[in-house]
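# Topology and contacts: notes
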Amino acid sequence: MCIMALLLFSGAAFAQRGLNCYPVFKGKIVPTKRMVITEARGESMATYKLDYYHSVQFQVDEKTALEVAELIQADAAEAQSAETEMTGELLTYALIQPTPFARVRRYLCYQARPVGAAWIITILYLEGSATLDDLRSMFEKQ
């Protein structure tokens, strides 16, 4: 049973490796000790038509915010579909649908909010059968 759980977890982690923003999730841009990290899978996600949810949130200076935004923009450029919004030179919103991985729909959601001279960045990586319309509907309710 434990081996099966490890295989499922490594499969989801492997799917993120194909993304330019993968280093962010791995703590290579911002140390993981400075992030709020949430991961969920299984029954708790079924309501949302998702199999896997991984989010990271952190506060950074403008230079690091631009570095993270460039990675997200690179993912958007390579994606099946992408919606983005900019504030000046900084990407502040993105809803990205990368190419499916092993027939599983994948999504990358990004938001950057200014707080004084700093930026709070939230990035979600989602996998499941949810459509873009499902996600939009879910986000509108929150």
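Let me sum up the structure you'll find in this document. (Residues numbered from 1 in each chain as written. Predicted model: local features only at pLDDT ≥ 70, side-chain atom pairs only at ≥ 80, totals over all residues. Heavy atoms only, no water.)

### Comments concerning the pattern of salt bridges
This structure, assessed with the given rule, holds three salt bridges. The partner of E83 in a salt bridge is R136, with the nearest N and O atoms 2.1 Å apart. Placement of E83 in strand β3 (residues 81–87) and of R136 in helix α5 (residues 132–140) is noted, with a sequence separation of 53 residues between them. Across the pair D133 and R136 runs a salt bridge, and its minimum N-O distance is 3.0 Å. One end of the pair, D133, and the other, R136, are both in helix α5, three residues apart, so they sit about a helical turn from each other. (Salt bridge = Lys/Arg side-chain N within 4 Å of Asp/Glu carboxyl O. Helix = DSSP H or I, 4+ residues; strand = E, 2+ residues; numbered from the N terminus.)

### Topic: the environment of A82
Position of A82 among the secondary structure elements: in strand β3. When its relative accessible area of 39% is taken as the criterion, A82 is described as partly exposed. Taking the C-alpha atoms as reference points, A82 and Y107, 25 residues apart in sequence, are found 9.6 Å from one another. If sequence neighbours within four positions are ignored, A82 has contacts with A76, L95 and I96. (Buried < 20%, exposed > 50% of the residue type's maximum accessible area, 1.4 Å probe, protein only. Contact = heavy atoms within 4.5 Å.)

### Notes on the nonpolar core
Grouped together as the largest cluster of nonpolar side chains are 27 residues, with contacts concentrated most on F58, V68, I72, L108, Y110, I121 and I123. Listed by contribution, the elements that provide at least two residues to this core are α2 (22–25), β2 (50–60), α4 (62–78), β4 (90–97), β5 (105–115) and β6 (118–128). It is α4 that contributes the most residues to this core, five residues altogether. (Core = buried A, V, L, I, M, F, W, Y, C linked by side-chain atoms within 4.5 Å.)

### Thoughts on the side chain of T64
Here T64 shows up in helix α4. With near-sequence residues (within four places) excluded, T64 lies in contact with I29 and V30.

### Re the pairing of β3
Side-chain direction in a regular strand flips from residue to residue, so the side chains alternate between the two faces of the sheet. For β3 and β4, the ladder comprises seven bridges, and the chain directions are antiparallel. Residue M86 lies in a different strand from β4, and its bridge partner there is L91. Where β3 folds back on β4, the antiparallel hairpin that results is connected by two residues, among which G88 adopts a positive phi of roughly 65°. (Pairing = 2+ DSSP bridges.)

### Some remarks on the pairing of β2
The sheet contact formed by strand β1 (residues 36–41) and β2 spans six bridges and is antiparallel. Each residue of the ladder has a partner; that of A40, found in β2, is Y53.

### Topic: α4
Owing to its 3.6 residues per turn, the α-helix brings residues three or four apart onto one side. Taking 1.5 Å as the rise per residue, α4 with 17 residues should run 24 Å; its terminal C-alpha atoms sit 24 Å apart, in good agreement. The complete set of buried residues in α4 reads T64, A65, V68, A69, I72, D75 and A76. One side of α4 holds all its buried residues, which, seen down the axis, span an arc of 135°. Residues of α4 that are exposed and point over 90 degrees away from its buried face: K63, E70, A77 and E78. As for α4, its buried residues are in contact with α2, β2, β3, β4, β5 and β6. (Expected span 1.5 Å × (residues − 1). Arc of directions from axis to C-beta.)

### Remarks on α5
Buried within α5 we find L132, L135 and M138. Mapping the buried residues of α5 onto a view down its axis gives an arc of 125°, with all of them on the same face. Exposed and oriented more than 90 degrees from the buried face of α5 are D133 and E140. On its buried side, α5 packs onto β2, β3, β4, β5 and β6.

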